[in-house]
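What follows is each chain in one-letter form.
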Amino acid sequence: MIFAGTLLLGACASTDRTPKLVRTAPLDLQDSYHDMTFKVLPPEEQVRLEFSGDDPIFSFEGGNSHYEALALPDLAQPYVLQIDSEVVKDRLGFTGTLFFPVLTFLDADKEWIKTFDALPYVTQKPLGKTNYITVSLQISDQLAAARYVVIHTQEDKLNKAIGHYDGEVLMQSNSFNTMMTAPIEKPRYRYELVSQGWVRLKASNVPGISEKPPVEY
């Protein structure tokens with residue numbers, strides 16, 4: 001009976017499910033915007049930011065996220081902040097990953113002003129170059145006091161799909177993994193939303209695509 005009981009316990013143990021890993025908060029989690037280190041965004045010059053596992057993490061309202069913090073240039077208002085997020089293709093080039101930028105603006109005291117988490121990004125597909133999504137945001141009016149911007153993403157963005165129709169990007173919730181859905185008619189895009197990627201920024205009184213290569217930040 002003891003031998004049979006041992007076998008029974010062994011059988012039960014062999015069918016147990018693997019315990020789930022519960023991740024704790026990262027050690028480099030910041031406590032406030034005042035603790036952040038801000039890089040200087042030069043006027044009229046495009047910079048390129050890498051969001052990777054080496055970047056610090058902040059506990060935003062939309063969840064923990066890697067971020068880049070920038071001091072805005074001293075430009076006469078209104079001026080335009082252009083935000084591009086690059087598509088990173090896999091080795092076969094069939095699909096790509098995309099970092100969906102969320103922008104949080106702070107005043108001179110590094111106090112919160114406004115967060116833009118659903119900007120109307122549109123897809124650009126330059127011939128022979130990296131695909132990207134882009135939007136231009138005017139700095140004036142409710143953002144007149146903005147002196148800093150923090151670029152990050154939100155956890156809910158990693159559980160949504162992007163549909164591209166007639167040049168507009170539509171955010172919609174889905175029960176499957178994140179991607180940019182492919183419509184029946186062209187253009188057809190399929191991107192997986194991820195927490196790491198490349199973002200380009202340019203602050204300018206004259207908006208437009210930069211002809212010079214961006215400065216690596």
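Remember, predicted model here, so these are calculated numbers, not experimental data. (Residues numbered from 1 in each chain as written. Predicted model: local features only at pLDDT ≥ 70, side-chain atom pairs only at ≥ 80, totals over all residues. Heavy atoms only, no water.)

1. Description of the pairing of strand β6 (residues 68-71)
Filter applied, for reference: When accessible area is computed with a 1.4 Å probe and restricted to protein chains, residues below 20% of their type maximum are described as buried, those above 50% as exposed, and intermediate ones as partly exposed. Going along the chain from the N terminus, every DSSP run of H or I of four or more residues is numbered as a helix, and every run of E of two or more is numbered as a strand. Criterion used throughout: strands pair if DSSP finds at least two bridges between them.
Side chains of β6 alternate between two faces, with E68 and L70 and A69 and A71 buried alike. As defined by bridge partners, strand β2 (residues 39-40) adjoins β6 across two bridges and the pair is classed as parallel. From the neighbouring strand, V40 faces β6, where its bridge partner is A71. Alignment of β6 against strand β13 (residues 148-152), held across four bridges, turns out to be antiparallel. Bridging from a neighbouring strand, A71 pairs with Y148 of β13.

2. Here we look at the packing of aromatic side chains
Going by this rule: Stacked, edge-to-face and tilted labels apply to pairs of Phe, Tyr and Trp rings (six-membered ring for Trp) whose centres lie within 6.5 Å, assigned for plane angles under 30 degrees, over 60, and everything in between, in that order.
Considering all chains together, one arrives at eight aromatic pairs under this definition. Seen from their ring centres, Y33 and F58 are 4.8 Å apart, and the 20 degrees between their planes marks the pair as stacked. Of this pair, Y33 sits in the loop between β1 (29-30) and β2 while F58 is found in strand β4 (residues 57-60), placing the two residues 25 residues apart along the sequence. Here F51 and F99 contribute two aromatic rings whose centre-to-centre distance is 4.3 Å and whose plane-to-plane angle is 20 degrees, an arrangement assigned as stacked.

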